[in-house]
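Residue-level structure breakdown
The chain contents come next:
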Amino acid sequence: MNTISVQNIQKSFAENQALKDVSFDIPKGEIFGFLGPSGSGKTTLLKILTAQLDPTSGNAVVLDKPAKMMQKTEQKKRFGILTDNSGLYERLTIEENLDMFRRLYDLPKSSIDEVLNFVNLNADRKKRISVLSKGMRQRVTLACAIIHEPEMLFLDEPTSALDPVNTMHIHKGLRYLNEKGTTIFLTTHDMTEAETLCERVAILHKGEIRAIGSPAELKKTHRDGTLTVELTTGQTERLAMNEDSAVRVASWMSLGQIDRIYTNELSLGDIFIKLTGSELV
């Protein structure tokens, strides 16, 4: 069963075609990563999936309904969203902002405590939004998006302003949410984050999906067919994976001279650059 189904989505702005025949499905319960350089069409697609934009052509279904219905009241309660334009009330405290969302979803007061622990802000709950750092604001916005434990969660760069400790804390919380059944659509510039969290990723470039699959599958597809052997002598050998290499490896192994052996595969970041010709910025 798919939580999201995208079929032949295209989106044009005047002469600029932002999305070109994009298709993919996201099964229920998956963490799906959407990777692409700035201007590749990631945010455009996110806005289509959350009914902030209409596609020029094609269809998108989210939570068993056409994406254009995502802003209906009954659908809003089923998903959460964090984007760079998600708003907070500056004069209110963290707790007061969350209380507004709690009331919107008719949740118990205990939900505020739970979500503050999730984003590691319990000790700062009385601080006004206006005095918060960018990283703290990011965590409050995330808390607002997940306070109702949505079926579908859209995250646009959720840890971009966070330090490593809070990033790890958020990752742990997102995995917990996912284990409870939340499907997550994640855009990120962090290749480590994509590998850590995502079961599958899609690489988008100039409005087109260039590759889709698990990080492990993509690495396997793009490895160069060689292996590296590090010997106890300090010598390093790069070998083709063939019969001659097997004989050499067996010889070193019989003499106890192999310190480490591994296949040579590209990192997810390397694959991204290979497919798009650019670094993720």
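One can find the structure itself at the top, above this paragraph.
Since we're looking at a predicted model, the values are computed, not measured.

Here the focus is the sheet that holds strand β10 (residues 208–213). Hydrogen bonds along the backbone pair up the strands of a sheet, which may run parallel or antiparallel. Pairing within the open sheet is mixed, and its 6 strands lie in the order β6-β7-β8-β3-β9-β10. Each edge of the open sheet carries a strand with a single partner, namely β6 (79–82) and β10. Each adjacent strand pair in this sheet contributes to an overall mean axis angle of 15°, direction not counted. Where β6 and strand β7 (residues 152–156) come together, 4 bridges link them in parallel fashion.

Attention now goes to the side chain of Ser214. Topologically, Ser214 is positioned in the loop between β10 and α8 (215–222). What makes Ser214 buried here is its relative accessible area of 15%.

A few words on the sheet that holds strand β4 (residues 57–62). Taken together, the 4 strands give an open sheet; going across it, the order is β2-β1-β4-β5, and neighbouring strands pair in antiparallel fashion. Both outer strands of the open sheet, β2 (16–27) and β5 (65–66), are each paired with one neighbouring strand and no more. Alignment of strand β1 (residues 2–13) against β2, held across 8 bridges, turns out to be antiparallel. Within the sheet, the bridge partner assigned to Ile4 lies in β2 and is Ile26. On the sheet, helix α1 (residues 42–49) packs against β1, β2 and β4 and is oriented at approximately 120° with respect to β1.

A rise of 1.5 Å per residue sets the reference length of helix α6 (residues 164–179), with its 16 residues, at 22 Å; its end C-alpha atoms lie 22 Å apart and thus fit the reference within 8%. For α6, the set of buried residues is Asn166, Thr167, Ile170, His171, Gly173, Leu174, Leu177 and Asn178. Projected onto a plane normal to the axis of α6, the buried residues spread over an arc of 170° and lie on a single side. Turned more than 90 degrees from where α6 packs its buried face, Pro164, Val165, Met168, Lys172 and Glu179 sit exposed. Contacts from the buried residues of α6 go to β3 (31–35), α4 (110–118), α5 (134–146), β7, β8 (183–187) and α7 (191–197). The N-cap of α6, judged by a side-chain oxygen 3.0 Å from the amide nitrogen of Val165 a few residues on, is Asp163. Downstream of α6 by a residue or two, Gly181 has a phi angle that is positive, lying close to 120°.

With that settled, consider the packing of aromatic side chains. Considering all chains together, one arrives at 8 aromatic pairs under this definition. Taken together, a centroid distance of 5.2 Å and an interplanar angle of 10° make the contact between Phe24 and Phe32 stacked. For the pair Phe24 and Phe32, a shared accessibility class is recorded, and that class is buried. Taking 5.9 Å as the distance between ring centres and 55° as the angle between the ring planes, the aromatic pair formed by Phe154 and Phe185 counts as tilted. Linking Phe154 in strand β7 with Phe185 in strand β8, this pair joins segments that are 31 residues apart in sequence. The class of Phe154 is buried, set by a relative accessible area of 0%. What links up through ring pairs into an aromatic cluster is the set Phe24, Phe32, Phe34, Phe79, Phe154 and Phe185.

What follows covers unusual backbone geometry. A positive phi angle, close to 70°, is found at Asp64, a residue other than glycine. Following the sequence through the fold, Asp64 ends up in the loop between β4 and β5. Positioned with a positive phi, Glu157 is a non-glycine residue whose angle comes to about 55°. Within the secondary structure, Glu157 sits in the loop between β7 and α6.

Okay, the environment of Thr56 next. Residue position: Thr56 is located in the loop between α1 and β4. Considered as a pair, Thr56 and Arg137 are 81 residues apart in the sequence and their alpha carbons are 34 Å apart. For Thr56, the residues in contact, after removing those within four places along its chain, are Gln10, Lys11 and Ser12. A distance of 2.9 Å separates a polar side-chain atom of Thr56 from the backbone nitrogen of Ser12.

Parameters at a glance
- Residues numbered from 1 in each chain as written.
- Predicted model: local features only at pLDDT ≥ 70, side-chain atom pairs only at ≥ 80, totals over all residues.
- Heavy atoms only, no water.
- Pairing = 2+ DSSP bridges.
- Helix = DSSP H or I, 4+ residues; strand = E, 2+ residues; numbered from the N terminus.
- Axes fitted to C-alpha atoms, helices over the stretch in contact; angles between N-to-C directions.
- Buried < 20%, exposed > 50% of the residue type's maximum accessible area, 1.4 Å probe, protein only.
- Contact = heavy atoms within 4.5 Å.
- Expected span 1.5 Å × (residues − 1).
- Arc of directions from axis to C-beta.
- Polar contact = N/O pair within 3.5 Å; in protein donor to acceptor, adjacent residues only side chain to side chain.
- Phe/Tyr/Trp six-rings, centres within 6.5 Å; stacked < 30°, edge-to-face > 60°.

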